[in-house]
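Structural overview for review
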Amino acid sequence: MKLATIRVGGATRAVRADGDGDVLTDLGSGDLGTFLADADWKSKAEEKLPGARTYAARAADFAPVVPNPSKVVCVGLNYRNHIQEMGRDLPEYPTLFAKFADSLIGDGDDIARPAETEKFDWEVELAIVIGKQVRRASEAEAKDAIAGFTVLNDITCRDWQFRTKEWLQGKMWDSSTPVGPYLVTPDELPGGTAPELDVTLTVDGEVMQSDNTGDLLFKPVDLVRYISTIIRLNPGDIIATGTPGGVGSARKPPRFLSGGETVTTEIEHLGALVNTVEKDAS
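Below or above, wherever it landed, is the structure these notes cover. (Residues numbered from 1 in each chain as written. Predicted model: local features only at pLDDT ≥ 70, side-chain atom pairs only at ≥ 80, totals over all residues. Heavy atoms only, no water.)

1. Topic: a nonpolar patch on the surface
- A cluster of nonpolar side chains, contributed by Tyr93, Leu96, Tyr226, Ile230 and Ile231, occupies part of the molecular surface with about 450 Å² of accessible area.
- Tracing the sequence through the fold places Tyr226 in helix α7 (residues 220-230). (Patch = residues over 30% accessible without salt bridge, like charges linked within 9 Å, V, L, I, M, F, W, Y side chains within 5 Å. Areas by Shrake-Rupley, 256 points an atom, 1.4 Å probe, with all protein chains shown as cover. Salt bridge = Lys/Arg side-chain N within 4 Å of Asp/Glu carboxyl O. Helix = DSSP H or I, 4+ residues; strand = E, 2+ residues; numbered from the N terminus.)

2. Section: the nonpolar core
- Among the nonpolar cores identified, the biggest contains 80 residues, and Leu24, Val224, Ile239 and Leu270 are the most heavily contacted of them.
- Excluding residues that lie within four positions of it along the chain, Val224 makes contacts with Ile128, Ile130, Val134, Ala142, Ile146, Leu233 and Ile239. (Core = buried A, V, L, I, M, F, W, Y, C linked by side-chain atoms within 4.5 Å. Buried < 20%, exposed > 50% of the residue type's maximum accessible area, 1.4 Å probe, protein only. Contact = heavy atoms within 4.5 Å.)

3. What to know about the pattern of salt bridges
- Within this structure, the stated rule accounts for 16 salt bridges.
- When the shortest N-O distance is used, the salt bridge between Asp144 and Lys42 registers 3.7 Å. One end of the pair, Asp144, is in helix α4 (residues 139-145); the other, Lys42, is in helix α2 (residues 41-46), and 102 residues separate them in sequence.
- In this structure, the salt-bridge partner of Asp154 is Lys99, at a minimum N-O distance of 2.9 Å. In this pair, Asp154 is assigned in the loop between β12 (146-153) and β13 (156-157) and Lys99 in strand β7 (residues 95-99), connecting sequence segments 55 residues apart.

4. Notes on the packing of aromatic side chains
- Counted by the stated rule, this structure contains four aromatic pairs.
- For the cation-ring pair, Lys2 lies above Tyr182, with the distance from its terminal atom to the ring centre recorded as 4.4 Å.
- The aromatic ring of Trp160 is capped on one face by Arg163, whose charged end is 3.6 Å from the ring centroid. (Phe/Tyr/Trp six-rings, centres within 6.5 Å; stacked < 30°, edge-to-face > 60°. Lys NZ or Arg CZ within 6 Å of the ring centre and 35° of its normal.)

5. A look at the pairing of strand β14 (residues 177-184)
- The element β14 is extensively covered by neighbouring structure, given that eight of its eight residues are classed as buried.
- Sheet topology note: the strand β1 (residues 2-8)/β14 ladder contains two bridges and is antiparallel. In the strand pairing of β14, Leu3 is matched with Leu183.
- Note that strand β8 (residues 104-105) and β14 share two bridges and pair parallel. For Ile105, the partnering residue across the bridge sits in β14 and is Pro178.
- Of the pairings in the sheet, the one linking β12 to β14 comprises three bridges and is antiparallel in character. If you follow Phe149 over to β14, its bridge partner there is Val184. (Pairing = 2+ DSSP bridges.)

6. Side note on unusual backbone geometry
- The omega angle of the peptide bond from Gly180 to Pro181 is -10°, so this bond is cis rather than trans.
- Examined against the element boundaries, Pro181 turns out to sit in strand β14.
- A cis amide bond links Lys252 with the next residue in sequence, Pro253, at an omega value of -5°.
- The topology assignment puts Pro253 in the loop between β17 (238-240) and β18 (262-267).
- Not every positive phi belongs to a glycine, and Arg136 is a case in point at roughly 50°.
- On the basis of relative accessible area, Arg136 is assigned to the exposed category, the value being 56%.
- Phi at His269 is positive, roughly 70°, even though this residue is not glycine.

Right under this line is the structure:
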């Protein structure tokens, strides 16, 4: 299944992509986070809903796939080639930081580039969406807790990120992080909860990142187990699994987003986010 949250008449609605993906069927819930909180969401998502409202996908205004997750946990240094380009050793444990709901935007929304940064960078990432509450998950529980996967662009203010040893201040900027457009359930993906999918990111059509999620050092199930040991994961929570090589800060010379660029963040079978960088957002 492909599920999403769209904006309709000043509110949001949880929807399912039907047919060839050109029709979105209303699931009777205000957003995908609320929908996933229902313990029976899987069976309800498959139901045929007589009289349900439908929307044309091509005209849809996509919100963040989960607009208000209780947490967004991100993983740094998780692709071998990115670790190498940053000149670091392979980590023994995942490097974790957080984002907040106010950081998230949807497909087609403008990326707010802060006036305070001179090093605004891109990061294509596979993101996990949690479908049931889990704490100290076993491997089987972790697999069962994964509702599906989506696309995330972990836009980063590098100059703020490296002001200190802690990365948070470079990662949490308001309205900077596209996520979506769809949650795709594991049964739709080759590899299920361990998908090996091609990931790409382009800036104005030029390929900047290209890799495959098979290069992930810490796999999705491993991350759910590790993070749930620390804190409970709730339905709708998002885990961004890290970015491959090709970020702007590692290029020679470095290259950053100055405003006006179109950034396309795409993952095989999951879809693409297309966002324009707004210059010097307030």
